[in-house]
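# Descriptive analysis of the structure
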2 protein chains.
Amino acid sequence: MANIRDVARHAGVSVSTVSNVLNGRANQMRQETLERIEQAMKELNYHPNRVAQQLKTGQAKMIGLLVPSIVNPSFAALAREVDLAAKKHQYRVLLGNTYRQEEEERAFLEDMMSHGVRGVIVAASNMEKPYFASAAAQGMIMINYDSRMPGGDVYNAMPFDSVSMDNVEAGRQAAQHLIDRGCRNIVFVTEATPTVSRSHKIGGFLEALRDSGLPCEHRIIEGKALSAYGDTEMSELGRALAGKVLDISPHPDGVVAINDALGIGLLVGLRDANISVPGDISVVGIDNIPLSELINPGLTSVMPPLAKMAELMVDRLLVRIEEPAIAPEEMLFVPTLVSRQSVR
Amino acid sequence: MANIRDVARHAGVSVSTVSNVLNGRANQMRQETLERIEQAMKELNYHPNRVAQQLKTGQAKMIGLLVPSIVNPSFAALAREVDLAAKKHQYRVLLGNTYRQEEEERAFLEDMMSHGVRGVIVAASNMEKPYFASAAAQGMIMINYDSRMPGGDVYNAMPFDSVSMDNVEAGRQAAQHLIDRGCRNIVFVTEATPTVSRSHKIGGFLEALRDSGLPCEHRIIEGKALSAYGDTEMSELGRALAGKVLDISPHPDGVVAINDALGIGLLVGLRDANISVPGDISVVGIDNIPLSELINPGLTSVMPPLAKMAELMVDRLLVRIEEPAIAPEEMLFVPTLVSRQSVR
DNA sequence: TTGAAAGCGTTACCAC
DNA sequence: GTGGTAACGCTTTCAA
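For every chain, the first residue of its written sequence is number 1, and the numbers climb from 1 along that sequence. Just so you know, chain letters begin at A and ligand numbers begin at 1, following the order they were written in. Note on the predicted model: pLDDT of at least 70 is required for a residue's local features to be given, and 80 or more for side-chain atom pairs to be given and counted; whole-chain, interface and lining totals, by contrast, use all residues. As a convention, hydrogens and water are excluded, and side-chain values are obtained from all of the structure's heavy atoms.

### Things to note about the overall build of chain A
Looking only at helices and strands, chain A features 14 helices and 12 strands. C-alpha extents for chain A along the principal axes are approximately 85 × 40 × 35 Å. Residues classed as buried in chain A amount to 56% of the 344 residues present. A separation of at least 24 residues holds for 70% of the contacts in chain A among residues at least 6 apart in sequence. Surface accessibility follows the Shrake-Rupley procedure with a 1.4 Å probe radius. Residue values consider only the protein chains on display as shielding. By element, 50% of the accessible surface of chain A is carried by carbon and sulfur atoms, the whole surface being about 14100 Å². Positive charges come from Lys and Arg alone, negative charges from Asp and Glu alone, with His and the N- and C-terminal ends not counted. Throughout, a charge is located at the NZ atom of Lys, the CZ atom of Arg, the CG atom of Asp or the CD atom of Glu. Across chain A, the mean location of the 34 positive side-chain charges is 5 Å away from that of the 41 negative side-chain charges. Under the DSSP-based scheme used, a helix requires at least four consecutive residues in state H or I and a strand at least two consecutive residues in state E, with every element numbered from the N terminus. Type-normalised accessible area, obtained with a 1.4 Å probe on protein chains alone, sets the label of each residue: buried when under 20%, exposed when over 50%, and partly exposed for intermediate values. Only heavy atoms enter the contact rule, under which two residues are in contact if any of them lie within 4.5 Å.

### Some thoughts on the packing of aromatic side chains
Residues and elements named next belong to chain A. Two aromatic rings from Phe, Tyr or Trp, using only the six-membered ring of Trp, form a pair when their centres are within 6.5 Å; if the ring planes differ by under 30 degrees the pair is stacked, by over 60 it is edge-to-face, and anything between is tilted. Counted by the stated rule, this structure contains four aromatic pairs over all chains. Summarising the aromatic geometry, the rings of Tyr 131 and Phe 132 are spaced 5.1 Å apart at their centres and angled 40° between planes, so their arrangement reads as tilted. A relative accessible area of 6% places Tyr 131 in the buried class.

### Details of the protein's contact with DNA strand D
Nearness of a residue to a molecule or strand requires only that one of the residue's heavy atoms be within 4 Å of it. What surrounds DNA strand D is a group of 26 residues, the closest being Gln 28, Thr 33 and Lys 56 of chain A together with Ile 4 and Tyr 46 of chain B. The sugar-phosphate share of atoms of DNA strand D within 4 Å of the protein amounts to 65%. Within the contact set of DNA strand D, a phosphate oxygen lies 2.9 Å away from a backbone nitrogen or oxygen of Asn 49 of chain B. Secondary structure elements with two or more residues in the surface near DNA strand D: α2 (15-22) and α4 (50-57) of chain A together with α1 (4-11), α2 (15-22) and α4 (50-57) of chain B. Following the grouping adopted for this structure description, the nonpolar residues are Ala, Val, Leu, Ile, Met, Phe, Trp, Tyr, Cys and Pro, the charged ones are Asp, Glu, Lys and Arg, and the polar ones are all others, Gly among them. Looking at side-chain class alone, the surface near DNA strand D contains nine nonpolar, 12 polar and five charged residues. We define a polar contact as two N or O atoms separated by no more than 3.5 Å, with the added condition that, inside protein, one atom must be a possible hydrogen donor and the other a possible acceptor, whereas residues neighbouring each other in sequence contribute only through side-chain atom pairs.

### Considerations on the protein's contact with DNA strand C
Taken together, 26 residues lie near DNA strand C, and Ile 4 and Tyr 46 of chain A together with Ser 14, Thr 33 and Lys 56 of chain B sit nearest. Across the atoms of DNA strand C situated within 4 Å of the protein, the share located in sugar and phosphate is 68%. Here Asn 23 of chain A contributes a side-chain N or O atom positioned 3.4 Å from a phosphate oxygen of DNA strand C. For DNA strand C, a phosphate oxygen lies 2.8 Å from a polar atom in the backbone of Asn 49 of chain A. Mapped by element, the contributors of at least two residues to the surface near DNA strand C are α1 (4-11), α2 and α4 of chain A together with α2 and α4 of chain B.

### Comments concerning the interface of chain A and chain B
If you look at the interface, chain A gives 50 residues, while chain B gives 50 residues. What counts as buried area is the accessible surface, traced by a 1.4 Å probe, that two parts surrender upon association, with contributions from both included. Carbon and sulfur atoms supply 60% of the area buried between chain A and chain B, which totals about 4700 Å² over both sides. A pairing counts as a salt bridge when a side-chain nitrogen of Lys or Arg comes within 4 Å of a carboxyl oxygen of Asp or Glu. Counting the contacts that link chain A with chain B gives four salt bridges. Between Asp 111 of chain A and Arg 92 of chain B there is a salt bridge whose closest N-O contact spans 2.9 Å. Where the side of chain A that touches chain B is concerned, the elements lending two or more residues are α4, α5 (73-88), β2 (92-97), α6 (102-114), α11 (231-247), α12 (260-272) and α13 (291-294) of chain A. Looking at the side of chain A that touches chain B, the element that brings in the most residues is α6 of chain A, giving eight residues. Among the residues making up the side of chain A that touches chain B, the classes are represented as 25 nonpolar, 13 polar and 12 charged.

### Section: the sheet that holds strand β12 (residues 336-338) of chain B
All names here are of chain B. The strand order across the open sheet built from six strands is β7-β6-β8-β9-β10-β12, with neighbouring strands paired in mixed fashion. With partners counted over all chains shown, the strands left at the sheet margins are β7 (220-223) and β12, one partner each. When strand polarity is set aside, the average angle formed by the axes of neighbouring strands in this sheet is 20°. As defined by bridge partners, strand β6 (residues 186-191) adjoins β7 across four bridges and the pair is classed as parallel. Pairing between two strands is assigned when DSSP locates at least 2 bridges connecting them. Axis lines are fitted to C-alpha atoms, over the contacting stretch for helices. Their N-to-C directions set the angle, which ranges from 0 to 180 degrees.

### As for the pairing of strand β11 (residues 330-333) of chain B
Residues and elements named next belong to chain B. A one-sided burial pattern is seen for β11, the buried positions being Met 331 and Phe 333 and the unburied ones Glu 330 and Leu 332. Note that strand β5 (residues 161-165) and β11 share four bridges and pair parallel. Counterpart to Met 165 in the pairing with β11 is Phe 333.

### Here's the deal with the domain arrangement of chain A
Domain boundaries in chain A define domain 1 (4-48), domain 2 (59-166 + 306-335) and domain 3 (167-304). A straight line from the C-alpha centre of domain 1 of chain A to that of domain 2 of chain A covers 36 Å. Domain start and stop positions are those given by an automatic or database domain assignment.

### Focus on the pattern of salt bridges
Under the defined criterion, the tally for this structure stands at 30 salt bridges over all chains. The partner of Lys 87 of chain B in a salt bridge is Asp 83 of chain B, and the shortest N-O contact between them spans 3.3 Å. Taken as a pair, Lys 87 of chain B and Asp 83 of chain B lie in helix α5 (residues 73-88) at a separation of four residues, close to a single helical turn. Notably, a salt bridge pairs Arg 316 of chain B with Glu 329 of chain B, separated by 3.9 Å at the nearest N-O pair. One end of the pair, Arg 316 of chain B, is in helix α14 (residues 306-322); the other, Glu 329 of chain B, is in the loop between α14 and β11, and 13 residues separate them in sequence. What you see here is one network of salt bridges that share partners, running through Asp 161, Arg 316, Arg 320 and Glu 329 of chain A.

### Observations concerning the relation of the copies chain A and chain B
Taken as rigid bodies, chain A and chain B are interconverted by a rotation of 180° and an axial shift of 0.0 Å, the fit giving an RMSD of 0.1 Å. Both copies are brought into coincidence by an operation consistent with a two-fold rotation axis. Judged by C-alpha distance, Leu 94 of chain A is the residue of chain A that lies nearest the rotation axis, at 2.5 Å. Here the copies are superposed with least squares, the fitted atoms being C-alpha atoms of residues at a pLDDT of at least 70 in both.

### Notes on the sheet that holds strand β6 (residues 186-191) of chain A
For sheets, the rule is that strands pair by backbone hydrogen bonds, running either parallel or antiparallel. Residues and elements named next belong to chain A. Read from one edge of the open sheet, six strands run β7-β6-β8-β9-β10-β12, paired in mixed fashion. Strand pairing shows two members of the sheet lacking a second neighbour, β7 (220-223) and β12 (336-338), which therefore form its edges. Neighbour to neighbour, the strand axes of the sheet diverge by 20° on average, direction disregarded. Here β6 pairs with strand β8 (residues 254-257) via four bridges, running parallel. Paired with Val 189 across the bridge in β8 is Ala 257.

### Structural notes on the nonpolar core
Buried residues of nine kinds, namely Ala, Val, Leu, Ile, Met, Phe, Trp, Tyr and Cys, make up a nonpolar core once their side-chain atoms join them within 4.5 Å. Formed by 161 residues in total, the largest nonpolar core has its most connected members in Ile 63 and Ile 121 of chain A together with Ile 63, Ile 121 and Leu 266 of chain B. Each residue touching Ile 63 of chain A, except ones within four places of it in the same chain, is listed here: Val 82, Ala 86, Tyr 91, Arg 92, Val 93, Leu 94, Val 117, Gly 119, Ile 121, Val 314, Leu 317 and Leu 318 of chain A. Ranked by size, the runner-up nonpolar core spans 38 residues in total, among them Leu 94, Met 158 and Phe 160 of chain A together with Met 112 of chain B.

### Side note on the packing of helix α9 (residues 167-180) of chain B against helix α10 (residues 196-211) of chain B
Residues and elements named next belong to chain B. Close contact between α9 and α10 brings their axes to 6 Å; oriented N to C, the two are set at 40°. Between α9 and α10 the crossing geometry is right-handed. Along the contact surface, α9 presents Asn 167, Val 168, Gly 171, Arg 172, Ala 175, Gln 176 and Ile 179, while α10 presents Ser 197, His 200, Lys 201, Gly 204, Phe 205, Glu 207, Ala 208 and Leu 209. Per-class residue counts for the contact of α9 with α10 are six nonpolar, six polar and three charged. The hand of a helix crossing depends on one turn: near helix anticlockwise from the far one by less than a right angle means left-handed, and clockwise means right-handed.

### So, the UniProt feature "domain: HTH lacI-type" (unreviewed entry) in chain A
UniProt positions are given in the numbering used here, feature names are shortened, and annotations may be inferred rather than shown by experiment. Taking the numbering used here, the UniProt-annotated feature "domain: HTH lacI-type" (unreviewed entry) corresponds to residues 2-57 of chain A. Annotation note: span residues 2-57 of chain A, helix share 68%, strand share 0%, distance between end C-alpha atoms 21 Å.

This is the structure:
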């Protein structure tokens, strides 16, 4: 592979001049020189060596994406959007699956450091862990996806931006939709692990019930997923929780699932119990994974504006790499309800 | 961040000595020196700069993974297994989504070159395209996943390894399972684009019918998917093709779908038409995506040994990077049938 | 057993 | 406007 020196020689100029072209400093260059250089690049099929650029500048044109598991459709969708957004800036995405293992998270961050990656999007992990702070101290820029940041003082002490769907609004929309369609006995079904996004969703959900004068007691049905949050496990949980929903008497007429994977499991569990959806019970999910459109009945769901969110995260990351002093912010995105057949 | 010189200084040795430790050449080193160096690394929290190593050695500890879309569950599953396999060798995975755009594929390969990545796993793309050959000529090691390689002379001229499920066997197993369960009027439903893996599956399918003395005429039902092979499109196609299946008279009692996404669509389409699965028609898919376990009825499917395949691909890639002269091979993996509720 | 120094491909500063 | 050259952090050969 040709290098910058070959190009310089071939064009009869110095290395610095070629470098100037490469770095957009060709404005006050003689037109003829520029052309000769560009010509040489073409002829030699020259592509700058990113590794050398990195070594010199300390900047890799890569961002890291840390997710629990790419097999989970929500994170696959996120990965796609992040990839797309990164491409607009000529960045590539380094993927890290952590399976919720602390050791994997730590190793990923360290690897990113040594690979010269300066920015990482961290999806759905608890950023209070010390290695996040320590990576930040070493200059790693991180941005949190999906509101796993603790609130209050601790949050303010954290040097991380946070981007998420407005989970309060999501919970509210889901509940309100059921109320609008005539449901009056509505429950919220969820995995038991407490997170900020979870409590926000529940908050919005209860708010909607309260605003409509519906009872707010014993509305939360929860269960513990078996293993790390694979999608399959989440759906299995949903299937199991269908039983708990039907233990309630009288049967609820509307259910909000904390995410679509769980909602889909719920659909299966209800069908197993010969309950008709939406005939007997209406179900709304939160997430809008591709699958929700495919199954029967299609799962009505509250959808985050993922593409916009990914773009903002990438943009923000790149800005912050240049200007680390910018104060961290929490950015919320308003979701939209996608209506399908699981609600009457 | 501390560098190798800091460590050397701190330990009172030369840079080369530290480098020797880093590269496992510490066997004939004085124990005491080694300890001092290791101590210094700890104290300074030293991590070697991969970028500098790369620049020097031309080897990035990264492999590329080129997939049409990570949102497709089959590729997400592949990505997970590849990530796991790569981790065993301390490699990271650079993800490229191409959405079946030639331009994206070309750009990805070029980027990998300039990032110093020496090995790429190429999933389900036609490797006859000239840029693959050109990347290979520049020293990029590539391995093809899922048998999209052309056969015969052209194949032999290609410097690529190929790893795939034994698609003939997969088609055979699917058909044989239906036959074993008593189906006698069996069809194969597929997307229309011709590929090697497709024709192998069909080949195995027909072979099984022939061996059991069943009719082999007009057994292939096909349709064109709308856009790039998103999973959604594939399922939509399956849903549409349910109609074509039911146009056959008498109705088939068994269907093999070329992949699970299509099979799931088929299930939905059949239900829409008030056909019972498996009561009236049995369905088998090929792929075994996580979703197949979740839906109702669960889709019986032929499963490739993905983890093994990913491990072999990564191992082979790394071997070949060291020893590019090794003759390319085609490696086939025997699939297993996973029985669920979609077959009577 | 350890050290000195060249060089990987690029950038950026300072001369001319 | 263009060129010379010292880094960036590491590996590796050669010498001591």
